[in-house]
Protein chains: 2
Amino acid sequence: MKYRIAVDMDEVVADSLSRYLLWYERDFEEKFPIDLLPGKKPFEVVPPERAEIVKKYPHQIGFFEDLPLIEDSQEILAELAQKHEVFFTSAAMEFKYSFLEKYHWIEAHFPFIHWKNRVFCGDKSIIRADYMIDDNGFNLDTFQGEGLLFTAPHNLHMQKYRRVNSWKEIKEIFEAL
Amino acid sequence: MKYRIAVDMDEVVADSLSRYLLWYERDFEEKFPIDLLPGKKPFEVVPPERAEIVKKYPHQIGFFEDLPLIEDSQEILAELAQKHEVFFTSAAMEFKYSFLEKYHWIEAHFPFIHWKNRVFCGDKSIIRADYMIDDNGFNLDTFQGEGLLFTAPHNLHMQKYRRVNSWKEIKEIFEAL
């Protein structure tokens, strides 16, 4: 059966966490405290006087440019898009400079996801699909289909949703349907 | 009852047709053949050798900037947003320079539509809502809620959907629910 799969971008196909680490090192000349990340967002694990600066990173020009790919996302989404309807559904609306950077990034790495299948939104309860792959539990909370929680440091303690740790696991799930 | 209403932007709240007319006059030093528009798209009513130029207008920087408002859209959406969940759902993904221009336009004219309630998409079958107000029949074709066709020159002959000719009519429909 052909399913519609809504796929988040940051921390699911695009490694935006790596940009936090890079910019933190650039600004504070020390390593980002990566060991403190489990269960937390980047701005929550830095010294309090730096939190506002780190929180603003994704609002700045360049943050979403040339992000590294999450392992296997490209190959496996190319396969899934052959059989299913794959949409990118990114909560880009919070970050106004992310639009064009995300658009170009998709063009570069996922040209097979047609512009008709790309969504920049805010509240994802507006999305109608059969599956949603996302690293944020609050996006799955309001989803009427089946949610798959893509593992990221900030969600490691979350028990509520079926967890996927890699794109290889996602491939197996859809092959078994 | 509180409903979720998905509202298109171009030709529904933003008068993008006026930008075609302006740019056409700028480029060809004559009036746009507005009398030929009923049932057609702008590029279909100009001399064939100009069609490609006109077709490219919305792909260019500045096309969606400072567009005039469709009459009463601001006041009536402000009222509707008090009682219902209003989302902007714009097929912006076709026009990559439209993102930031549309974002700023919403901030200027509809700041009460929160960024969480703004969607830039392509194929609107991804939208989950109770009502969709749109000037394109093909967006209503795949919608699972109730579609309202907002009158625009290109859709004057379409019979398939409940038609609304103005924001005053929309106000009446939602008041009568």
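Because the structure is predicted, anything quoted here is derived from the model rather than measured.

Draft legend 1. Looking closely at the environment of Phe-138 of chain A. For Phe-138 of chain A, the location among the structural elements is in helix H5 (residues 137-141). Separated by 23 residues in the primary sequence, Phe-138 of chain A and Tyr-161 of chain A place their C-alpha atoms 11 Å from one another.

Draft legend 2. Structural detail: the pairing of strand E5 (residues 146-150) of chain A. All names here are of chain A. When you tally the buried positions in E5, you get four out of five residues, the bulk of the element. As defined by bridge partners, strand E4 (residues 131-134) adjoins E5 across four bridges and the pair is classed as parallel. Within E5, the residue paired with Met-132 across the bridge is Gly-147. In this sheet, strand E6 (residues 162-164) lies alongside E5 in parallel orientation, the contact comprising three bridges. Residue pairing for E6: Phe-150 is matched across the bridge by Val-164.

Draft legend 3. Spatial organisation of the side chain of Ser-73 of chain B. Counting through the fold element by element, Ser-73 of chain B comes out in helix H3 (residues 73-83). Among the residues examined, Ser-73 of chain B registers a relative accessible area of 0% and is labelled buried.

Draft legend 4. Highlighting the interface of chain A and chain B. Tallying the contact residues gives 24 residues for chain A and 24 residues for chain B. For the pair chain A and chain B, the summed buried area comes to about 2600 Å², and 65% of that belongs to carbon and sulfur atoms. At the boundary of chain A and chain B, one finds zero salt bridges. The tally of links between chain A and chain B comes to 13 residue pairs in polar contact (both at pLDDT 80 or more). Every element with two or more residues in the side of chain A that touches chain B is listed here: helix H4 (98-109) and strand E3 (118-120) of chain A. Among the elements that line the side of chain A that touches chain B, the one with the most residues is H4 of chain A, at four residues. Looking at the side of chain A that touches chain B residue by residue, the classes come out as 12 nonpolar, five polar and seven charged.

Draft legend 5. Expanded view of the packing of aromatic side chains. All names here are of chain A. Counted according to the given criterion, the structure contains 35 aromatic pairs over all chains. Taking 5.1 Å as the distance between ring centres and 90 degrees as the angle between the ring planes, the aromatic pair formed by Phe-88 and Phe-110 counts as edge-to-face. Remark: Phe-110 occurs in the loop between H4 and E3 and Phe-88 occurs in strand E2 (residues 85-90); sequence separation between them is 22 residues. The same class applies to Phe-88 and to Phe-110, which are both buried.

Draft legend 6. Representation of helix H4 (residues 98-109) of chain B. End to end, H4 of chain B covers 16 Å across 12 residues, agreeing with the expected 16 Å (1.5 Å per residue, within 8%). Within the span of H4 of chain B, buried status applies to Ser-98, Phe-99, Glu-101, Lys-102, Tyr-103, Trp-105 and Ile-106 of chain B. Elements in contact with the buried residues of H4 of chain B: H4 and E3 of chain A together with strand E2 (85-90) and strand E3 (118-120) of chain B.

Draft legend 7. Quick look at the nonpolar core. With 52 residues, the main nonpolar core has Val-7, Val-13, Ile-133 and Trp-167 of chain B as its most contacted residues. At five residues, helix H1 (residues 17-28) of chain B tops the list of elements feeding residues into this core. Among all residues touching Val-7 of chain B, those that are not within four sequence positions of it are Val-12, Val-13, Leu-77, Val-86, Phe-87, Phe-88, Thr-89, Ile-133 and Trp-167 of chain B. Tyr-3, Met-9, Val-12 and Leu-80 of chain A belong to the second-largest nonpolar core, a separate cluster that totals 42 residues.

Draft legend 8. Seen up close, the relation of the copies chain A and chain B. Structural alignment of chain A on chain B gives an RMSD of 0.0 Å, achieved by rotating through 180 degrees and translating 0.0 Å along the axis. Here the symmetry operator amounts to a two-fold rotation axis. The overlap is high: 100% of the interface residues of chain A also sit at the interface in chain B, so the same surface is used on both sides.

Draft legend 9. Highlighting the pairing of strand E1 (residues 4-7) of chain B. Residues and elements named next belong to chain B. Because side chains alternate across E1, one face comprises the buried residues Arg-4 and Ala-6, and the other comprises Ile-5 and Val-7, equally buried. Across four bridges, the pairing between E1 and E2 is parallel. Pairing of Val-7 across the sheet is with Phe-88, part of E2. As judged from the three bridges shared by E1 and strand E4 (residues 131-134), these two strands associate in the parallel manner. Across the sheet, the residue bridging to Val-7 is Ile-133, located in E4.

Draft legend 10. Spotlight on the packing of helix H1 (residues 17-28) of chain A against helix H2 (residues 48-56) of chain A. Residue and element names in this part refer to chain A. Interhelical geometry of H1 versus H2 gives an angle of 130 degrees and a closest axis separation of 11 Å. When the axis of H1 is compared with that of H2, the two are oblique. Here H1 runs over H2; the crossing is right-handed. Along the contact surface, H1 presents Tyr-20, Tyr-24, Asp-27 and Phe-28, while H2 presents Arg-50, Ile-53 and Val-54. Each residue belonging to the contact of H1 with H2 can be placed in one class, and the counts come to five nonpolar, no polar and two charged.

Draft legend 11. The environment of Glu-94 of chain B, seen in detail. Structurally, the position occupied by Glu-94 of chain B is in the loop between E2 and H4. The exposure class assigned to Glu-94 of chain B is partly exposed, which follows from its relative accessible area of 33%. As a C-alpha pair, Glu-94 of chain B and Pro-48 of chain B span 46 residues in sequence and 23 Å in three-dimensional space. Aside from chain neighbours lying at most four places away, what touches Glu-94 of chain B is Trp-115 of chain A together with His-59 of chain B.

Criteria and cut-off values
Residues numbered from 1 in each chain as written. Chains lettered and ligands numbered in written order. Predicted model: local features only at pLDDT ≥ 70, side-chain atom pairs only at ≥ 80, totals over all residues. Heavy atoms only, no water. Helix = DSSP H or I, 4+ residues; strand = E, 2+ residues; numbered from the N terminus. Buried < 20%, exposed > 50% of the residue type's maximum accessible area, 1.4 Å probe, protein only. Pairing = 2+ DSSP bridges. Contact = heavy atoms within 4.5 Å. Buried area = accessible area lost by both parts, 1.4 Å probe. Salt bridge = Lys/Arg side-chain N within 4 Å of Asp/Glu carboxyl O. Polar contact = N/O pair within 3.5 Å; in protein donor to acceptor, adjacent residues only side chain to side chain. Nonpolar A, V, L, I, M, F, W, Y, C, P; charged D, E, K, R; others polar. Phe/Tyr/Trp six-rings, centres within 6.5 Å; stacked < 30°, edge-to-face > 60°. Expected span 1.5 Å × (residues − 1). Core = buried A, V, L, I, M, F, W, Y, C linked by side-chain atoms within 4.5 Å. Least-squares fit on C-alpha atoms with pLDDT ≥ 70 in both. Axes fitted to C-alpha atoms, helices over the stretch in contact; angles between N-to-C directions. Parallel < 35°, antiparallel > 145°, perpendicular 65-115°, else oblique. Left-handed = near helix turned anticlockwise from the far one by under 90°.

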